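Structural description and commentary
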Amino acid sequence: MTTPMRLSTRVYRVPTDAPEADGTLAWSQTTLVLVEASHEGTTGIGYSYGPAAVASVVADLLAPTLAGTDLDADDVPSAWLAMQRRLRNAGRPGIAGLALSAVDCALWDLKARRHGLALARLLGMVRPAVPVYGSGGFTTYDAERQRRQLAGWVHDDGIPRVKIKIGESWGRRVDRDLERIAQARDTIGADAELYVDANGAYHRKQAIRVLSAAADRDVRWFEEPVSSDDHDGLALVRDHVAADVAAGEYGYDLAYFHRLAPVVDCLQVDVTRCGGISEFLRIAAVAAGHGLEVSTHCAPHQHLAVASAVPNLRHSEWFHDHARIESMLFDGAVAATGGSAPVNRDEPGNGLRLREREAQPFRIG
């Protein structure tokens, strides 16, 4: 008889190193929900960033689902399907999707560790290092803090692409948005790529006007210029600006990305939201079918293995807040220098090990 898989959770809340905000939201702390999947003495880990309630979904719905089956621990797609079906009445998008994603990542990590393989080798590698872009430039930063962050990425770490937040105050501070775009370009120089993220703060034609006013700053990437739910608006902006328009970070299932693909230049996919590695691979295939690349959203170390396995990857987001937290909480975290982050090819699983002593002060559940 097959020994059932066991799931457990831990919840950590880590203060930011400074107040952070984008065009539509502000925060001063970040919550990470860690899932441990265990089977016959081996444990894999996965995590998502979201409310502590994610842990309750894992405990109340997903853990009993896996414990009540005779699934083989290697059959991750079967486990994913059982969990996905269990979430029908709970609602797949949102908190339940975060829970499914964290568990799926933990199960893939468990499988790799059971077989003594690096997760990237289990999935099959396309590249040994993942291209990244530095992401931060929060609207709460003053000019000097933004300059230090961007200069550190470009001039010290050799990352040739960076992103700042714009759309301040739901698009009511366009003057400051344009000022900060100009400051960012001056900081990084002419050779680095400049990206901006409005987090859906603008209206359709307002977004077009903003990028037109910043035409001499050579913005290459315009993320969520309007709400990601406004597909007609995304298509309108895409067709009227030179920068690539991207969206997708709030996608929780395959159908969402199928609908979004025709209206953007690049699909953003978050493995901690979209349904985990199992669904991420399918989404990347949908993108390829539309002639698009994918870019990973946040949670950089949770993405490295799957990003290394996807042929049509453009890059991964090296998000300041999450990269900082992951380097604090996990051994095995890496640095992104020279424009890419190395993928673990030697340690079993994703190569991450929780630093329990350092993490304990931040534990809330």
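Notes on the structure follow. (Residues numbered from 1 in each chain as written. Predicted model: local features only at pLDDT ≥ 70, side-chain atom pairs only at ≥ 80, totals over all residues. Heavy atoms only, no water.)

1. Regarding the nonpolar core
Where we set the bar: Among buried residues, those of type Ala, Val, Leu, Ile, Met, Phe, Trp, Tyr and Cys that are joined through side-chain atoms within 4.5 Å constitute a nonpolar core. For every residue, the accessible area (1.4 Å probe, protein chains only) is compared with the maximum for its type, and the residue is labelled buried under 20%, exposed over 50%, or partly exposed between those bounds. Numbering of helices and strands starts at the N terminus; helices are DSSP runs of H or I of at least 4 residues and strands are runs of E of at least 2. Whether two residues touch is decided by their heavy atoms; if any such pair falls within 4.5 Å, the residues are in contact.
Leu7, Val103, Leu107, Phe222, Val264 and Leu267 are the most contacted members of the largest nonpolar core, which has 96 residues in total. A per-element tally of this core places helix H3 (residues 95-114) first, with 12 residues. Excluding residues within four positions of it along the chain, leucine 7 makes contact with Val35, Glu36, Ala37, Val58, Leu62, Ala63, Leu66 and Val103. Listed in part, the 14 residues of the second largest apolar core include Tyr12, Leu32, Ile325 and Leu352.

2. Notes on the packing of aromatic side chains
Here a ring pair, both rings aromatic, is described through the centre-centre distance and the interplanar angle of the planes. The condition is simple: For Phe, Tyr and Trp, where Trp contributes only its six-membered ring, two rings pair if their centres lie within 6.5 Å, and the inter-plane angle classes them as stacked under 30 degrees, edge-to-face over 60, or tilted in between. By the criterion adopted, a ring carries a charge over it if an Arg CZ or a Lys NZ lies within 6 Å of its centre and within 35 degrees of its normal.
Tallied over the full model, the rule gives 10 aromatic pairs. Among the aromatic residues, ring-to-ring pairing joins Trp27, Phe138, Tyr141 and Phe319 into one connected group. A cation sits over an aromatic face here: arginine 145 above tyrosine 141, 5.1 Å from the ring centre. Just above the ring of tryptophan 80 sits the side chain of arginine 282; from NZ or CZ to the centre is 4.6 Å.

3. Section: the pattern of salt bridges
When charged atoms on two side chains of opposite charge get close, those side chains can pair. Basically, it comes down to this: For this analysis, a salt bridge means a side-chain nitrogen from Lys or Arg found within 4 Å of a carboxyl oxygen belonging to Asp or Glu.
A complete count under the given rule lists 27 salt bridges for this structure. A salt bridge links glutamate 36 to arginine 10; the shortest N-O distance between them is 3.3 Å. Here the residue glutamate 36 occupies a position in strand E2 (residues 26-39), and arginine 10 occupies one in strand E1 (residues 6-21), the gap between them amounting to 26 residues. The pair formed by glutamate 36 and arginine 10 is uniform in burial state, with each residue classed as buried. With a closest N to O distance of 3.4 Å, arginine 92 and glutamate 279 form a salt bridge. Of the two residues, arginine 92 is situated in the loop between helix H2 (76-86) and H3 and glutamate 279 in helix H11 (residues 276-289); the sequence distance between them amounts to 187 residues. Across the pair, glutamate 279 and arginine 92 agree in class, each one buried. Overlapping salt bridges, with partners in common, bring together Lys163, Lys165, Asp197, Glu223 and Glu317 in one network.

4. Overview of the environment of leucine 304
Here leucine 304 shows up in helix H12 (residues 300-309). Classification of leucine 304 as buried rests on a relative accessible area of 8%. Leave out the neighbours within four places in its chain, and leucine 304 touches Val130, Val334, Ala341, Pro342 and Val343.

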